[in-house]
Amino acid sequence: MERILVLLNERNHYFKKFKNANDAELLRLRKSDFSHIDIFYKTRENILNMVAHIEDLIETRLGSPEIPNAPTREMKKQLVVVLNEKDRLVKDILSQDLELLSMIDDEKSKIISNLQTLTNGKKAIGAYKHSTPTPRLDEEI
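The rules behind each value
Residues numbered from 1 in each chain as written. Predicted model: local features only at pLDDT ≥ 70, side-chain atom pairs only at ≥ 80, totals over all residues. Heavy atoms only, no water. Helix = DSSP H or I, 4+ residues; strand = E, 2+ residues; numbered from the N terminus. Buried < 20%, exposed > 50% of the residue type's maximum accessible area, 1.4 Å probe, protein only. Phe/Tyr/Trp six-rings, centres within 6.5 Å; stacked < 30°, edge-to-face > 60°. Salt bridge = Lys/Arg side-chain N within 4 Å of Asp/Glu carboxyl O. Axes fitted to C-alpha atoms, helices over the stretch in contact; angles between N-to-C directions. Parallel < 35°, antiparallel > 145°, perpendicular 65-115°, else oblique. Left-handed = near helix turned anticlockwise from the far one by under 90°. Patch = residues over 30% accessible without salt bridge, like charges linked within 9 Å, V, L, I, M, F, W, Y side chains within 5 Å. Areas by Shrake-Rupley, 256 points an atom, 1.4 Å probe, with all protein chains shown as cover. pLDDT = per-residue confidence, 0-100. Expected span 1.5 Å × (residues − 1). Core = buried A, V, L, I, M, F, W, Y, C linked by side-chain atoms within 4.5 Å. Contact = heavy atoms within 4.5 Å.

Visitor: Explain the environment of His13 here, please?
Guide: On the secondary structure map, His13 appears in helix 1 (residues 2-30). Exposure remark for His13: the relative accessible area of 41% places this residue in the partly exposed category.

Visitor: Looking at this structure, how should I read the packing of aromatic side chains?
Guide: One pass over the structure, following the stated rule, counts one aromatic pair. Consider the rings of Phe40 and Tyr41, whose centres lie 5.4 Å apart with planes at 55 degrees: the pair is tilted. Take Tyr41: its relative accessible area is 37%, and that puts it in the partly exposed class.

Visitor: So what exactly am I meant to see when it comes to the environment of Ala52 here?
Guide: Locating Ala52 in the fold gives a position in helix 2 (residues 37-63). It is 8.8 Å that separates the C-alpha atoms of Ala52 and Arg11, two residues lying 41 residues apart in sequence.

Visitor: Is there a simple way to explain the pattern of salt bridges in this structure?
Guide: All chains considered together, the criterion is met by nine salt bridges. Across the pair Lys16 and Glu85 runs a salt bridge, and its minimum N-O distance is 2.9 Å. Residue Lys16 is located in helix 1, and its partner Glu85 is located in helix 3 (residues 73-131); the two are separated by 69 residues in the primary sequence. Across the salt bridge formed by Lys108 and Asp105, the nearest N and O atoms sit 3.8 Å from each other.

Visitor: How should the packing of helix 1 against helix 2 be read in this particular structure?
Guide: Helices that pack against each other are described as a pair by the angle of their axes relative to one another and the distance between those axes. Between helix 1 and helix 2, the least distance of the axes is 10 Å, while the angle of their chain directions is 165 degrees. In terms of orientation, helix 1 lies roughly antiparallel with respect to helix 2. Between helix 1 and helix 2 lies a crossing whose hand is left-handed.

Visitor: Sorry, what's going on with a nonpolar patch on the surface here?
Guide: A surface patch of nonpolar side chains, amounting to about 280 Å² of accessible area, comprises Ile111, Leu115 and Leu118. By the secondary structure assignment, Leu118 is in helix 3.

Visitor: How should the confidence of the model for the protein chain be read in this particular structure?
Guide: Predicted coordinates in areas of low pLDDT are best not read in detail. In this model, the protein chain carries a mean pLDDT of 87, and residues with pLDDT of at least 70 account for 85%. The lowest-confidence element of the protein chain is helix 3, averaging 86 in pLDDT; the highest-confidence one is helix 1, averaging 95.

Visitor: What's the story with helix 2 in this structure? I'm lost.
Guide: Each α-helix winds once per 3.6 residues, and so residues spaced three or four apart point in a common direction. Between its first and last C-alpha atoms helix 2 spans 39 Å; for 27 residues at 1.5 Å apiece the expected length is 39 Å, and the two agree. Looking at helix 2, one finds that the buried residues are Ile37, Phe40, Arg44, Ile47, Val51, Ile54 and Ile58.

Visitor: For this particular structure, what's the right way to read the nonpolar core?
Guide: The tendency in soluble globular proteins is for nonpolar side chains to be buried side by side. Ranked by internal contacts, the top residues of the largest apolar core, which has 15 residues, are Leu8, Tyr14, Phe15, Ile47, Val51, Ile54 and Ile58. Of all the secondary structure elements, the ones that give two or more residues to this core are helix 1, helix 2 and helix 3. In terms of residues, this core owes the most to one element, helix 1, which gives seven residues. Those residues in contact with Ile58 that sit more than four places away from it in its chain are Ile4, Leu7 and Leu8.

Visitor: I tried to follow the side chain of Gln96 on my own but got confused; where do I start?
Guide: Note on placement: Gln96 falls in helix 3. Among the residues examined, Gln96 registers a relative accessible area of 7% and is labelled buried. Not counting residues up to four positions away in its chain, the partners in contact with Gln96 are Lys19, Asn22, Asp23 and Leu26.

Have a look at this one:
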């Protein structure tokens, strides 16, 4: 059971890393700096892969017939603390993700609006060029 507690703490460690990565990216996005977004998503993916690996280890350990004894009263207290911390981290991460998605969606809307304005401007210029023929001079020098 002690190994499971260690793995749960390690999983929380990676959730903290995930939250910290979100915090850093939120600071950049608030300054309209979207230059690190690809690195940010790769970092998150790597952290989530580590969390998934740890959860696999926990499942394997829980499914193993080698669990020696029932957890002690102290272990149960530690489990409650670790699981409460995980819940708090996950709630914080979800809140961050909603803010991140909102900021990305807002930027995407701005880009789409700018592209539409640019396209409409090109159409107007194209229509103007075609509607007013330029006179040609046939003078000999």
